[in-house]
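Fold and geometry: a report
If you want the building blocks of each chain, they are given just below.
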Amino acid sequence: MAAVVELDAGTHSLRAAVVTPSRPWIPVAAPVLAGNEEAYVLDCLRTTWISSHGEYIGRFEETFGRFCGARHALACSNGTVALHLALLALGVGPGDEVLIPTMTFVATANAVRYCGARPVPVDIDPHTWNLDTGQLEASITRRTVGIIVVHLYGHPVDMDAVLAVARRRRLFVVEDAAEAHGAQYRGRPVGALADVGTFSFYGNKIVTTGEGGMVVTNDGGLAEKVRRLKGQGMDPERRYWFPTIGYNYRMTNVAAAIGLAQMEKVDWHLRRRREVATWYQQDLAGLPGIGWQVEQPWARHAYWMFTILVDDTIADRDELMARLRDAGIETRPVFYPVHILPPHRKATVGRALPVAERIARCGLSLPTWAGLSRDDVRYVAEALRGALRV
Ligand SMILES: *Cc1c(COP(=O)(O)O)cnc(C)c1O
């Protein structure tokens, strides 16, 4: 039995079940499609504009570009190919090295490999869990061409520090903002703070289109390259003339229709996530052995995931997750660092990246999405206290 969540903004009930006295189940993430999603998708079906042309694509791109303060926004099929397109447009190729934070979703590293280049994992800062900017210089070699930063779980990276190194060493900077729609660095939205920014609209992300991605940039030349590459590389002046190898990385009008409806309510989504995170912080304050990613004074966290660290002297993270599952609460472990994953571990021969390794061992994300109520969060916090027996 699923309880219906009252949405101040919405007309539709959530598809996910939430706490009921009989059988609680709180998913770690769920989309909230409480605006014009249904109407816009029906419009695509009724007008037969279901493929990668149609008015929703342009409207979604324009809306999203404005949201990030970027002059150009190019929709594509997912966040992984958004990264691939960004790196191709920047000219990354065989023999190149690209610095990445080791604590990220594997797509960041894979996109570098798709270009034939080598991702070089760097350790993270223990407070923000983002790239430790103090370790960048030491990781740069003759082959280094750029840096991908990741605004992990929605917390922005200290961009000034990254951009200073990049300028000094003549490196490009890509923001992988897949988890950080609406996050701000010193009052400016992430995505357009460096050369190129990329976003994902996977079903569990802050804004979703089911599957989808976006490349944003202020550089018209890069935007033109991305536009060509995602459409098989066709010469825009000469139909079916392909001067280079391209890809089919386009987004459908149906996906863009969902995205546009999501963007109409993006402020509500962000407000709700912040509220949920604030409740967790209130309910978990003072709990010994529990910490979390600390929002820095210059940062506005978008709270894709509210993620805690469980000190391993207090409890075993995996055991704790199992106990929470028994209480009907889905959680998820922090990513394995890239440098220990089989396809990528050769890149960091013999170097330990201890901060990421510790956070990967002790971190877990609690349910974080826009449909959670005050009672849901209280229930999770109480279950956590119970499982820790404090
Ligand atoms: C989700 C995610 C991606 C990939 O996005 P998809 O749309 O799933 O391809 C890339 N980088 C990070 C950091 C992500 O969290």
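Residues numbered from 1 in each chain as written. Predicted model: local features only at pLDDT ≥ 70, side-chain atom pairs only at ≥ 80, totals over all residues. Heavy atoms only, no water.

1. Thoughts on the overall build of the protein
Counted only if it meets this: We count a stretch as a helix when DSSP gives it H or I for four or more residues in a row; a strand needs E for two or more, and each element gets its number in order from the N terminus. When we talk radius of gyration, it's over C-alpha atoms, and the globule rule is simply 2.2 Å times the number of residues to the 0.38. Categorising residues by exposure relies on relative accessible area from a 1.4 Å probe, with only protein chains included: less than 20% of the type maximum marks a residue as buried, more than 50% marks it as exposed, and the intermediate range marks it as partly exposed.
Counting its regular elements, the protein contains 12 helices and 14 strands. Against the globule reference of 21 Å for 390 residues, the protein gives a C-alpha radius of gyration of 21 Å, in line with a compact fold. The dimensions of the protein, computed from C-alpha atoms along their principal axes, are 65 × 60 × 35 Å. Of all 390 residues assigned to the protein, the portion counted as buried reaches 55%.

2. Side note on unusual backbone geometry
Even without being a glycine, W129 presents a positive backbone phi close to 65 degrees. Inspection of the secondary structure assignment puts W129 in the loop between β3 (118–122) and α5 (136–139). The backbone phi angle of Q232 is positive, close to 70 degrees, even though this residue is not glycine.

3. Observations regarding the domain arrangement of the protein
Selection rule: In this entry, domain limits derive from an automatic or database-based domain assignment. In this description, contact between two residues means that some pair of their heavy atoms is separated by no more than 4.5 Å. Buried area: the accessible surface (1.4 Å probe) lost by two parts on joining, summed over both. Salt bridge, as used here, is a side-chain nitrogen of Lys or Arg placed within 4 Å of a carboxyl oxygen of Asp or Glu. Two N or O atoms form a polar contact when they lie within 3.5 Å of each other; inside protein one atom must be a possible hydrogen donor and the other a possible acceptor, and for residues adjacent in sequence the pair counts only when both atoms belong to side chains.
When its domains are assigned, the protein resolves into domain 1 (37–264) and domain 2 (267–388). Put simply, the middle of domain 1 and the middle of domain 2, counted by C-alpha atoms, are 25 Å apart. Opposite the 42 residues of domain 1 that make contact, domain 2 presents 40 residues. Of the roughly 3,400 Å² buried at the junction of domain 1 and domain 2 (both faces included), carbon and sulfur atoms supply 64%. Interface area lost by domain 1 to domain 2 is led by W129, Y153 and I206, which between them contribute 24%. Where domain 1 packs against domain 2, one counts zero salt bridges. If you look at where domain 1 meets domain 2, you find 17 residue pairs in polar contact (both at pLDDT 80 or more). If you list the elements that add at least two residues to the side of domain 1 that touches domain 2, you get α4 (107–114), β3 and β6 (184–185). Ranked by residues supplied to the side of domain 1 that touches domain 2, first place goes to β3 with five residues.

4. Quick look at the environment of R273
Here R273 shows up in helix α9 (residues 266–284). On a C-alpha basis, the gap between R273 and G210 in space is 19 Å, while along the polypeptide they are 63 residues apart.

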